[in-house]
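Each chain, written out:
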Amino acid sequence: MGREEALCVPMTVDEYRQQVDSLRHLFAESDLMPGAERLIDHLYVHKIPMALATGSYSQEFQVKITRHRKLFEKFHHTVCSSDDPAVKRGKPAPDCFLVAASRFPDNPKPDKVLVFEDAPNGVQGALAAGMQVVWVPDEQCLKTSDDSIRQIKPTLLLKSLEAFRPELFGLPSYDQ
């Protein structure tokens, strides 16, 4: 019995890699979430430090931000947990969020960090790190019959980043 059969995976590792590689071009065409550019620009103008903690590999992340490089230059740093040696466990473990926070010069306490997430594993990881979490899930995610997803309790649940009000978290409002 091959490894793929033992893991009940319907394809070989090589077949999986071929499928992923054939879709990789879609990453470069990714759009931002509605409201993301406004939020990032706003926080940047007000000198609110920002980092990005992703489950992606560095190489994949670079492809994903192809169309948005200038915007992502506003982040202090990025943690790509799939190949960052400081991250021992991926999401939903809190590692990537704690590593990202520790790389700011002032090393903020977790309860002073606000995380924006789109995935259940990320929300769970940020909450496990003791951070505040704004969850903006894909609409299909909330329609699942998986009780574990519906039981996740972020600090704030939004349908869109466009609905985010920074002042609710002690940040400068969009009007300022």
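Being a predicted model, the structure only gives us computed values, none of them experimental.

Caption draft 1: Geometry of the pairing of strand β3 (residues 114-117). Going residue by residue along β3, you find Val115 and Glu117 tucked away on one face and Leu114 and Phe116 left uncovered on the opposite face. The β-α-β motif built from β3, the intervening helix α7 (residues 120-128) and the parallel element strand β4 (residues 132-135) has right-handed crossover chirality.

Caption draft 2: Summary view of the pattern of salt bridges. Enumeration over the complete set of coordinates arrives at six salt bridges. Across the pair arginine 89 and aspartate 95 runs a salt bridge whose closest N-O atoms are separated by 2.9 Å.

Caption draft 3: Inspection of the sheet that holds β4 at higher detail. Across the sheet, which stays open at both edges, the three strands sit in the order β3-β4-β5 with parallel pairing between neighbours. The open sheet has two free edges, formed respectively by β3 and β5 (156-157), since each of these has just one partner strand. Sheet topology places β3 next to β4; four bridges connect them, and they run parallel. Paired with valine 115 across the strands is valine 133, a residue of β4.

Caption draft 4: Summary view of the pairing of β4. Bridge analysis of β4 against β5 gives two bridges, and the strand direction is parallel. Residue pairing for β5: tryptophan 135 is matched across the bridge by leucine 157.

Caption draft 5: Summary view of the confidence of the model for the chain. Per-residue confidence for the chain gives a mean pLDDT of 89; residues scoring 70 or more make up 93%. Contacts for the low-pLDDT stretch residues 1-6, under 50 throughout, to residues beyond four places or in other chains number five contacts.

Caption draft 6: View of unusual backbone geometry. The linkage connecting lysine 91 with the following residue, proline 92, adopts the cis geometry, with an omega of 20 degrees. Look at lysine 47: it is not a glycine, yet its phi comes out positive at around 55 degrees. Looking at the element boundaries, lysine 47 is found in the loop between α3 (36-45) and β1 (51-54). The phi dihedral of asparagine 107 is positive, around 40 degrees, even though this residue is not glycine. Looking at where asparagine 107 falls in the secondary structure, it is placed in the loop between α6 (95-102) and β3. Relative accessible area serves as the criterion here: at 46%, asparagine 107 is assigned to the partly exposed category.

Caption draft 7: Structural detail: the environment of histidine 77. Examined against the element boundaries, histidine 77 turns out to sit in strand β2 (residues 77-80). According to the relative accessible area criterion, histidine 77 is buried, its value standing at 12%. If we ignore the near neighbours within four places in the chain, the residues touching histidine 77 are Met50, Ala51, Leu52, Ala100, Arg103 and Phe104. Within the local environment of histidine 77, its side chain forms a polar contact with the backbone oxygen of alanine 100, the two atoms lying 2.7 Å apart.

Caption draft 8: Region of interest: the packing of aromatic side chains. The full count for this structure, using the stated rule, is four aromatic pairs. Pairing phenylalanine 72 with phenylalanine 75 gives two aromatic rings, centres 5.5 Å apart and planes at 15 degrees, and the pair type is stacked. Across this residue pair, the class does not change: phenylalanine 72 and phenylalanine 75 are buried. With centroids separated by 5.0 Å and ring planes inclined at 80 degrees, the aromatic side chains of phenylalanine 116 and phenylalanine 164 adopt a geometry described as edge-to-face. Note that phenylalanine 116 is positioned in strand β3 and phenylalanine 164 in the segment after β5, a separation of 48 residues in sequence. By relative accessible area, phenylalanine 116 is classed as partly exposed at 29%. Connected via pairs of aromatic rings, a cluster forms that spans Phe61, Phe72 and Phe75. A cation over a ring is seen here: arginine 38 above tyrosine 174, with NZ or CZ 3.5 Å from the ring centre.

Cut-offs and rules
- Residues numbered from 1 in each chain as written.
- Predicted model: local features only at pLDDT ≥ 70, side-chain atom pairs only at ≥ 80, totals over all residues.
- Heavy atoms only, no water.
- Buried < 20%, exposed > 50% of the residue type's maximum accessible area, 1.4 Å probe, protein only.
- Helix = DSSP H or I, 4+ residues; strand = E, 2+ residues; numbered from the N terminus.
- Right-handed = clockwise from strand over helix to strand, strands pointing away.
- Salt bridge = Lys/Arg side-chain N within 4 Å of Asp/Glu carboxyl O.
- Pairing = 2+ DSSP bridges.
- pLDDT = per-residue confidence, 0-100.
- Contact = heavy atoms within 4.5 Å.
- Polar contact = N/O pair within 3.5 Å; in protein donor to acceptor, adjacent residues only side chain to side chain.
- Phe/Tyr/Trp six-rings, centres within 6.5 Å; stacked < 30°, edge-to-face > 60°.
- Lys NZ or Arg CZ within 6 Å of the ring centre and 35° of its normal.

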